[in-house]
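Structure at a glance
Chain by chain, the residues run as shown.
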Amino acid sequence: MYDAKTQKEYIQTGKALLDQPDQVSVEQLPILRKLLRFHEWKYYVQDDPIISDYEYDMLFKTLERLEVAHPELVTPDSPTQRVGSDLSSDFATVTHLSPMLSLENSYNAEDLEDFEQQVRKLTGEEGPITYVVEPKFDGSTVTLIYENNYLVRGATRGNGQQGDDITPNVKTMPTIPLSADFSARSIHKVELRGEALIRKDYFDKINQQRAIDGLPLFANPRNAAAGGLRMKDPKEAAQRRLDTFVYQMTFAQDLNGNDATDKFASHSEMLQYLSEIGFLVPNDLIKVCKNITEVSDFCKWAEANREQYPYEIDGMVVKVNRLDLQKQCGFTSHHPRWAIAYKFKAKQATSILEDVIYQVGKVGAITPVAKIKPVELAGVTVSSVSLHNEEFIRSKDIRIGDHVVVERAGDVIPYIVKSLPDLRDESVKPIAFPTHCPSCQTTLVKEEDVAAWRCPNYHCPEQVIQRMVHFVSKNAMNIDGMGESQVRKFYDLGWLNNFDDIYRLPYDKIRSLEGFGQRSADNLQKAIEASKNNPIRRLLYGLSIHHLGRKASKLIAGQVKHVLDLKDWDLEQFTSIKEIGPILAENVMAFFKIPENISLLESLESLGVNLNQTEEDLPVELPTDGPLSGKTILFTGTLVQMKRKEAQTLAEKAGAKNISAVSKNLNILVAGEKAGSKLKKAQALGTVKIMDEQAFLDLIS
Ligand code: IVH
C-alpha cells in the first residue's frame, strides 16, 4: 500500500510537523490526516510502528486542535472520527452499559494547570480541588458487570460501544472476584472498568519459554495481555497469568433501577471500597493530591521511578476526586472532562544511523558505536548508541543510513531495537567491521566463543588511556578530579605511560595548564596522595586484569597479606576461593608472571602506594544464625539514635548484608527522618519490609 519512498516521505513530513506543532496551518490539514492514517496503518495493520506513541499523540492533538478551531473542515474520514475497534468474529458481541471513552493527554505541569483551569470553568469551583492520581496501565481494557453481587459478564473494549464477550476467560483470572459485596452499598447492577496486564518479570519468563518452544516472541506485555484476553481456550488464557486492576465504576443501579453511583462521595472512596470487597486496586501507586502542584510532582516522581514498578505503565491518570464535581464537568464524545492522562516521555523513537565508530576498551575489546541523528528519549538527547559487537550488527541487519528504532528505558543505557529495512534506499551501506585496530593499526584477533574482536597490543595508545581512566575511576583508586579528559591531556603531554606515572605527575606544570588553576591542581594532588592509602582491593581492581571485577578483587584482597604474594599463588589457591573460576585465575596468574607488571607494582610501592592488606580488605563474616541472617538491608534518611555506620555494623552483626540501592533484592528498608526517594521507591516496589529506627533496634535486640 505504501512503498518505501512514500514511507520515507511520511516520516520526514511527520518530523517537520512535529518540530513546530504550533505552526501547523489549516492548509496542512489534508496532509496531517494522511500522515496519521499512514501511521495507523503501520501500527494496526502491519504491527510495525515507526513512530512513538508520543509522536503519534502529538500529531493527533495537532489535528484535533485545528479541527476544533475549524469544525467546518472536519471530514467524515478524519482520524479523529474513528473510535478504535478490536472486535473479533470469534466472540459474541455485547453492548457496554456506558460507552468506553478515551482520555485527553497531557505532557507537563503546564498542561495540568490548563486542565485545572478548565475544571474550574466547568464547575465554578473556586476553592481547593483534590485529585486522585493513579497509574495509567499499559495493558488491555476489560469491562466487568456484576448483578446481584455476581460476576455476570466480562468484555473487551471493542469499538467503545460494543465489545467481545470474554466471560469464560475473565473468570479464570484470580484477581477478578466472581462475587463481591456490592449490595452493602445498595448497588444491584454495576459496571467496572479495568486493565488486564502481565507482570513484567512474568512476561520475560513467558518469552523465555516461547523462545525455547520455538514460538514467536511477544513484542511487549501489552500484546501478550491483549492476546491472552482473546484466547479461545480459557485454560490457555489462564496460563498468561493476567492481573486485572480496576480503576472506574462507570455504571451503578440500585434494585429499583435508580442511579447508584451517588453511594460514594469521591473517586478515592469508591476505589477504597472496591479494594475492600476484593478487587485489585493499585493502592501503592495511588495518591490523593490536595492541589495540581502536588499532582504534577507525583506524576514526575512516578515517571522517574516507572521502571521499578512491577507492571508496565505509560503514564498516570489524574481524576477530579469529588464525584459531584465530576458530574458537573461531564464528557465530550471522546473523553471525560474530569480526567486527564499524564503521558510519560517516550522510551522509543526513530532516528537515522549516520556513522559507526569503533572504541578500544581497556583490555583491547573493540566496540562499535552508532552515531545517530540526535533524538530525545525519556527526556534525554541521545546521539551515540552501542552496537555491542559484530554479531549484534549482523543479527539485527543494521546498515549505515538506516532508519533505526532506539529505546532508552529509565536508567538503562540506550539500545537499538531494530532497523527499518523497508525504508532503505540506494545510499544505505553495509557496516564493514574493521580488521585493524583504529588506534594502533595492529591486526585484530578473535578468540573462539568470544563475541568481541580484540586488539592484542598491550601498548596500544587507546588501551593505555582506557586502562588509566579505569585505574583512577571511582570504584578503583577513586582519584577525584581525574577523568578521561585529564588522562588524555597528560598522556598527550607524555606524562602518563603507566599507572606509576600518576604518582610522578609534575604539579608545577599542571598548575599552568589551560583548564587548570592552582586550586584544581592542589585538589588533584590531594586526591592522588589520598589514593596511596587505599585498600588493596581497589588497586587490584584498578589493574584492568581481564575479567577481574570488583567482587573478585575484594575476595582475593581478603586472602592475601601483600599484593606481590600473588606471584606465588597457584591455580588451586585461586579456585579455592568460592566464585573464582579457572579462567579468571589464569588471567590473574598470567598478569603476575610478567616481569614488567611486577616491577610496576614495586615502583608503585616505592612511590608510596599501599600494597599491604588493610582492615578494609578483610572479609566481613556475617553470622548465619542472627535475627537478620540471609536478609539485605538499607538505611535511609536521618537516624537519631546512632550514626548510619553504627547501624550498618549492628545490622551486619545481626547477619544482614548492607546494600546501597533499592531494588527487588532489598528485603528491609530502615527509614529515618526525612527519608526521601529511596523510601518512595521501596513503597512502590511493594516487596520491601519498611520499618523505622526503633523497630529495627527492637528486631535485632
Ligand atoms: S480512566 C471514563 N484510568 O487508558 C474513564 N483509564 O485512554 C476513562 N487506562 O484504554 C478511563 N489506566 O483502559 C482510566 N487508571 C486508569 C487507566 C485507564 C489505563 C486506559 C483505559 C483506556 C485508556 C484511556
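Residues numbered from 1 in each chain as written. Predicted model: local features only at pLDDT ≥ 70, side-chain atom pairs only at ≥ 80, totals over all residues. Heavy atoms only, no water.

Here we come to a nonpolar patch on the surface. A contiguous nonpolar patch, built from Val412, Ile413 and Tyr415 and spanning about 280 Å² of accessible area, is present on the exposed surface. Its place among the elements puts tyrosine 415 in strand 17 (residues 415-419). (Patch = residues over 30% accessible without salt bridge, like charges linked within 9 Å, V, L, I, M, F, W, Y side chains within 5 Å. Areas by Shrake-Rupley, 256 points an atom, 1.4 Å probe, with all protein chains shown as cover. Salt bridge = Lys/Arg side-chain N within 4 Å of Asp/Glu carboxyl O. Helix = DSSP H or I, 4+ residues; strand = E, 2+ residues; numbered from the N terminus.)

Once that is clear, we can look at the packing of helix 13 (residues 461-472) against helix 14 (residues 484-492). Where helix 13 contacts helix 14, the axes come no closer than 9 Å and their chain directions differ by 135°. One element, helix 13, and the other, helix 14, form an angle in the oblique class. Two packed elements cross with a definite hand, and for helix 13 against helix 14 that hand is right-handed. Every residue of helix 14 that contacts helix 13 at Pro461, Glu462, Val464, Ile465, Gln466, Met468, Val469 and Val472 is listed here: Glu484, Val487, Arg488 and Tyr491. By residue class, the composition of the contact of helix 13 with helix 14 is eight nonpolar, one polar and three charged. (Axes fitted to C-alpha atoms, helices over the stretch in contact; angles between N-to-C directions. Parallel < 35°, antiparallel > 145°, perpendicular 65-115°, else oblique. Left-handed = near helix turned anticlockwise from the far one by under 90°. Contact = heavy atoms within 4.5 Å. Nonpolar A, V, L, I, M, F, W, Y, C, P; charged D, E, K, R; others polar.)

Another point: the sheet that holds strand 2 (residues 105-106). Read from one edge to the other, the open sheet built from five strands follows the order 2-11-10-3-9, with strand pairing classed as mixed. Pairing within the sheet leaves two strands with one partner each, and these edge strands are strand 2 and strand 9 (287-289). Judged from the five bridges that link them, strand 10 (residues 313-320) and strand 11 (residues 339-343) form a sheet pairing that is antiparallel. Following the sheet pairing, lysine 319 is matched in strand 11 by alanine 339. Strands strand 3 (131-137), strand 9, strand 10 and strand 11 of the sheet are contacted by helix 10 (residues 292-304), whose axis makes an angle of about 150° with strand 9. (Pairing = 2+ DSSP bridges.)

Turning our eyes to something else, we now look at the sheet that holds strand 4 (residues 140-147). Reading across from one edge, 5-4-7-8 is the order of the four strands in this open sheet, with antiparallel pairing throughout. The open sheet terminates on both sides in strands that have one partner only, identified here as strand 5 (150-156) and strand 8 (243-253). Strand-to-strand twist across the sheet, computed as the mean angle between neighbouring axes with direction ignored, equals 25°. One ladder, built from nine bridges, connects strand 7 (residues 189-197) with strand 8; its direction is antiparallel. Across the sheet, lysine 189 pairs through a bridge with glutamine 253, a residue of strand 8. Across the sheet, helix 7 (residues 221-229) touches strand 4 and strand 7, and the angle it forms with strand 4 is around 40°. Against the sheet, helix 9 (residues 267-276) contacts strand 7 and strand 8, and its axis sits at roughly 120° relative to strand 8.

If you look at the biggest cluster of nonpolar residues, it comprises 55 residues, and the most contacted ones within it are Ile479, Met482, Phe490, Ile502, Phe592 and Leu601. Mapped onto this core, the elements with two or more residues apiece are helix 13, helix 14, helix 15 (507-511), helix 16 (518-531), helix 17 (536-542), helix 18 (550-557), helix 20 (582-593) and helix 21 (595-606). Grouped together as the second largest cluster of nonpolar side chains are 38 residues, Met173, Val190, Ala196 and Tyr273 included. (Core = buried A, V, L, I, M, F, W, Y, C linked by side-chain atoms within 4.5 Å. Buried < 20%, exposed > 50% of the residue type's maximum accessible area, 1.4 Å probe, protein only.)

A word on the pattern of salt bridges. This model, assessed by the stated rule, comprises 34 salt bridges. A salt bridge links glutamate 9 to lysine 5; the shortest N-O distance between them is 3.7 Å. Of this pair, glutamate 9 and lysine 5 both sit in helix 1 (residues 4-19), four residues apart, which is roughly one turn of the helix. The exposure class assigned to lysine 5 is exposed, which follows from its relative accessible area of 61%. Salt-bridge contacts for lysine 189 lead to glutamate 147; the nearest nitrogen and oxygen are separated by 3.9 Å.

For the α-helix, the turn length of 3.6 residues means that residues three or four positions removed from each other point alike. Look at helix 16: 20 Å from first C-alpha to last across 14 residues, which is about the 20 Å you get at 1.5 Å a residue. Those residues of helix 16 not exposed but buried are Ala521, Leu524, Ala527, Ile528 and Ser531. Viewed along the axis of helix 16, the buried residues span an arc of 125°, placing them on a single side of the element. Along helix 16, exposed side chains directed more than 90 degrees from the buried face belong to Arg519 and Lys526. (Expected span 1.5 Å × (residues − 1). Arc of directions from axis to C-beta.)

Turning next to the site of the ligand. By nearness alone, every residue bordering the ligand is listed as Ser102, Leu103, Glu134, Pro135, Lys136, Phe137, Thr141, Glu195, Tyr247, Val317, Lys319 and Pro336. Contact distances for the ligand include 2.6 Å between an oxygen atom and a side-chain N or O atom of glutamate 195. Taking 520 Å² as the accessible area of the ligand by itself, protein coverage stands at 89%. Ranked by the residues each element gives to the shell around the ligand, the list is headed by strand 3, at four residues. Its residues placed into classes, the shell around the ligand shows six nonpolar, two polar and four charged. (Near = heavy atom within 4 Å. Polar contact = N/O pair within 3.5 Å; in protein donor to acceptor, adjacent residues only side chain to side chain.)

Turning to the environment of glutamate 390, a few remarks are in order. With respect to the secondary-structure elements, glutamate 390 resides in helix 12 (residues 390-395). For glutamate 390, a relative accessible area of 18% puts it in the buried group. Taking the C-alpha atoms as reference, glutamate 390 lies 25 Å from aspartate 204; in sequence the two are 186 residues apart. The residues touching glutamate 390, leaving out its near neighbours within four places in the chain, are Phe433, Lys446 and Trp453. Within polar-contact distance, the side chain of glutamate 390 engages the side chain of tryptophan 453 at 2.8 Å.

Below, the discussion takes up helix 10. With 13 residues, helix 10 should reach 18 Å at 1.5 Å per residue; the first-to-last C-alpha distance of 18 Å fits that figure. The set of residues buried in helix 10 consists of Ile292, Glu294, Val295, Ser296, Phe298, Cys299, Trp301, Ala302 and Glu303. Buried residues along helix 10 sit in contact with helix 4 (109-123), strand 3, strand 9, strand 10, strand 11 and helix 23 (677-685). Where helix 10 begins, the side chain of asparagine 291 points an oxygen toward the backbone nitrogen of threonine 293, at a separation of 3.1 Å.

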